[in-house]
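Spelled out from the first residue to the last, the chains are:
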Amino acid sequence: MWSGNNMTIVLSITTLYAKCTPKERRELWSSLELTNLQVNGPWCIGGDFNVILDPDEKKGGRPHRMNKSLEFSTCIDNCGMMDLDFVGPKYTWCSNWEARRRIWKRLDRVFINDEWIGSYHRPILIQCHDTNQQGPKYFKFLNFWTNQPSFLQVVEEVWRNHVNGNPLWRLQQKLKMLSRRLTQWSKEDIGNVFDQVHYWENKMKDLEQSDLKNNNDITRTELNKGQAEYIRWMGMQDDILKQKARVNWFEEGDANTKYFHSTIRDRRRRLQIQKIKDHRGHWIEGDSNIGKTVVLHFQQFFNINHHFNDQNIINGIPQCVIGDDNEILTATPDTEEIRDDVFNMSSTSATGPEGYSGKFFQTCWDIIKEDITDFVQALQAATFCSCFPAVEFTCTSVRETPRDQVPKLVLVNPKAYCLDYLESIAE
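Conventions adopted
- Residues numbered from 1 in each chain as written.
- Predicted model: local features only at pLDDT ≥ 70, side-chain atom pairs only at ≥ 80, totals over all residues.
- Heavy atoms only, no water.
- Pairing = 2+ DSSP bridges.
- Helix = DSSP H or I, 4+ residues; strand = E, 2+ residues; numbered from the N terminus.
- Polar contact = N/O pair within 3.5 Å; in protein donor to acceptor, adjacent residues only side chain to side chain.
- Contact = heavy atoms within 4.5 Å.
- Right-handed = clockwise from strand over helix to strand, strands pointing away.
- Axes fitted to C-alpha atoms, helices over the stretch in contact; angles between N-to-C directions.

### Comments concerning the sheet that holds strand β7 (residues 93–94)
Step number 1: Read from one edge to the other, the open sheet built from three strands follows the order β5-β8-β7, with strand pairing classed as antiparallel. On the outer flanks of this sheet lie β5 (58–59) and β7, each paired with one strand and no other.
Step number 2: One ladder, built from two bridges, connects β7 with strand β8 (residues 104–105); its direction is antiparallel. When the bridges of β8 are listed, Trp93 appears paired with Lys105.

### Looking at the side chain of Arg109
Step number 1: With respect to the helices, strands and loops of the structure, Arg109 is situated in strand β9 (residues 108–113).
Step number 2: There is a polar contact of 2.6 Å between the side chain of Arg109 and the side chain of Glu57.
Step number 3: Apart from the residues within four sequence positions on either side, Arg109 is in contact with Ile45, Gly46, Gly47, Phe49, Val51, Ile52, Leu53, Glu57, Phe72 and Asp83.

### Considering the pairing of strand β3 (residues 12–17)
Step number 1: With six bridges connecting them, β3 and strand β4 (residues 43–48) associate as parallel partners. By the bridge assignment, Tyr17 is partnered in β4 with Asp48.
Step number 2: Taken together, β3, helix α1 (residues 22–38) and β4 constitute a β-α-β crossover, and its handedness is right-handed.

### Some details on the sheet that holds β9
Step number 1: Spatial strand order, β3-β4-β9-β6: four strands in an open sheet with mixed pairing. Each edge of the open sheet carries a strand with a single partner, namely β3 and β6 (81–83). Averaged over all adjacent pairs, the angle separating strand axes in this sheet is 25°, with direction ignored.
Step number 2: Packing of α1 onto the sheet brings it into contact with β3 and β4, and relative to β4 it is tilted by some 165°.

See the structure below:
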């Protein structure tokens with residue numbers, strides 16, 4: 001329904017998918033003619049009618065007999081509809097048989113009535129503002145990389161590099177080196193996925209035209225290869241959009257690029273900070289001013305001197321952990337135990353401060369398992385031994401983790417905290 005200028009216009013739009021046999025389609029034609037008696041205003045009908053109107057709309061196979069189109073054309077005339085023009089390939093369906101038996105038809109089309117053409121539409125001006133925030137781009141692991149043939153080889157080459165230092169430092173440095181290498185590898189070996197989808201979409205139009213013109217096995221083979229390549233790039237694009245949109249219930253075959261783009265745009269819109277209020281109650285606007293205000297707030301917050309001298313309050317905490325429980329909690333986990341916990345992480349989890357998702361740790365486990373095991377076991381030992389610089393890791397957590405990760409330092413189970421840190425990387 002459209003309203004404006006003291007008038008209201010009801011726009012009727014009908015979408016359909018016709019049956020394959022003339023007998024089954026008769027019910028549809030009768031339904032459209034009945035609807036025509038009820039529609040009072042602009043009307044549009046579109047979809048797959050599974051029948052052509054003119055012999056020129058078919059190529060290949062037996063010559064078209066007009067009696068097959070009689071019921072269809074009669075229905076369109078009775079409804080007062082006219083065929084809209086189209087842009088793109090003339091035929092919308094192909095049997096995909098061998099060259100000498102191949103058939104093309106124009107089965108999909110759109111019709112409108114006279115009221116639709118003569119309906120009044122007032123122009124609308126929409127003013128858009130670019131709200132993209134300019135700032136540094138951080139590394140983000142893309143899950144579809146794991147399906148590329150050379151991915152594991154790239155990871156293994158980087159992971160073989162020797163890094164001096166404690167296990168925490170080694171793991172962090174290897175992840176940083178790997179992020180730089182994966183970024184370079186993705187640009188050189190894969191390229192821009194969205195550009196490739198656009199390229200193959202246009203390429204498919206040329207291949208379809210060539211197949212229609214030449215109609216031989218060579219052009220059909222090229223078309224099939226093009227379709228396979230186009231589907232491959234579309235799959236990568238869907239994986240990227242799925243990961244960005246964080247839609248966990250996505251199913252194979254239900255890819256909807258526009259839906260994912262809409263979800264991503266909506267999330268970005270909701271996460272944008274237009275203005276904030278400082279400690280004086282003043283509203284601060286602009287990315288630069290907001291950033292300075294936030295930094296100043298946390299600088300003051302983390303530099304507050306806390307005075308706590310009453311240690312007797314700790315004596316009021318009841319002792320709930322018995323000796324057997326303590327042995328279990330303090331036991332050093334082995335590689336298999338750590339592996340089980342890593343594979344219990346969500347493979348589609350959002351990437352964390354280091355930019356890696358759970359998919360990375362699970363796919364590359366055989367390559368990185370020694371460093372992960374050393375990291376978890378070292379942090380376990382640091383919890384009960386002052387000789388290991390655990391405070392260094394605590395400071396790193398506060399500095400690099402933008403979300404509420406610091407309270408996890410008080411977890412009783414050290415192994416759980418180690419794995420919690422891995423999940424903070426993958427969340």
